[in-house]
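Descriptive analysis of the structure
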Amino acid sequence: MERWPALELASTIRHDGSGGVADDLATPQSTARWIHQQAELLADHVDVAALTVDEKLGSEIVELRRAVRALFAQAVSPAPPSRADAHRLMPVEQALAHLNAAAAREAIAPQLDWPADSPPRAGVLSDESDANVRLIAALARAAIDFLSGPQREQLRACNAPRCVRYFVKSHGRQEWCKPSCGNRARAARHYQRHNATPAS
């Protein structure tokens, strides 16, 4: 299953299993855990071991996530956005400005790498020494790539009960982010049909 850093960032707000919303970036420790889970996705952009995960970095990532989720909500419109933050979305113009400013924090040059027995691949060259700046810029560039790429057309907000995730639709009839959400949605529909109060 393909993973996108922008979608991984947006998915740090999720259903907590008890009817509420959990935030995987709530503390420096949980932020560090999330970053290390993304190490493979970020390997070409930043050395995760060189990061200083503190309150400042955490708040920068959270603010970037706010911008990304606002732009995800714009991307799925006119369908409803995720229920987690639909009532407090960052304005689109502010989200765009924030995303672009975050990406511009690191000056990069494209680089081509072509190992002898492998196909060529693109990378980036940076003179930025601050790993934290590199992380924020890499996450912002990943969001720009995602939102300007073909997967944006398949982006959806899961409409299963209690789910607050965004997902990329992988086939024509997909309505939910994962099978368990589909099961929950079908069970809720079944319950409503069989327990609806007849109109008087």
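Please refer to the structure higher up on the page.
Residues numbered from 1 in each chain as written. Predicted model: local features only at pLDDT ≥ 70, side-chain atom pairs only at ≥ 80, totals over all residues. Heavy atoms only, no water.

Regarding the packing of helix α4 (residues 55-76) against helix α5 (residues 92-103)
- Close contact between α4 and α5 brings their axes to 9 Å; oriented N to C, the two are set at 130°. Relative to α5, the element α4 is oriented oblique. Our pair here, α4 against α5, has a crossing hand that is left-handed. Residues Glu63, Leu64, Ala67, Val68, Ala70, Leu71 and Gln74 of α4 lie in contact with α5, whose contacting residues are Val92, Ala95, Leu96, His98, Leu99 and Ala102.
- For the contact of α4 with α5, the per-class residue count stands at 10 nonpolar, two polar and one charged. (Axes fitted to C-alpha atoms, helices over the stretch in contact; angles between N-to-C directions. Helix = DSSP H or I, 4+ residues; strand = E, 2+ residues; numbered from the N terminus. Parallel < 35°, antiparallel > 145°, perpendicular 65-115°, else oblique. Left-handed = near helix turned anticlockwise from the far one by under 90°. Contact = heavy atoms within 4.5 Å. Nonpolar A, V, L, I, M, F, W, Y, C, P; charged D, E, K, R; others polar.)

Observations concerning α5
- Look at α5: 16 Å from first C-alpha to last across 12 residues, which is about the 16 Å you get at 1.5 Å a residue.
- Those residues of α5 that fall on the buried side of the exposure criterion are Ala95, Leu99, Ala102 and Ala103. Considered in projection along α5, the buried side chains sweep an arc of 100° and stay on one side of the axis.
- Turning to α5, the residues buried within the fold contact α4 and α6 (131-148). (Expected span 1.5 Å × (residues − 1). Buried < 20%, exposed > 50% of the residue type's maximum accessible area, 1.4 Å probe, protein only. Arc of directions from axis to C-beta.)

Considerations on the pattern of salt bridges
- Taken as a whole and assessed by the stated rule, the structure comprises 11 salt bridges.
- As a salt-bridge pair, arginine 14 and aspartate 24 come within 2.9 Å of each other at their nearest N and O atoms. Here arginine 14 is found in strand β1 (residues 13-15), whereas its partner aspartate 24 is found in the loop between β2 (21-23) and α2 (28-37), with 10 residues between them in sequence.
- Overall, arginine 14 belongs to the partly exposed group, its relative accessible area being 27%. (Salt bridge = Lys/Arg side-chain N within 4 Å of Asp/Glu carboxyl O.)

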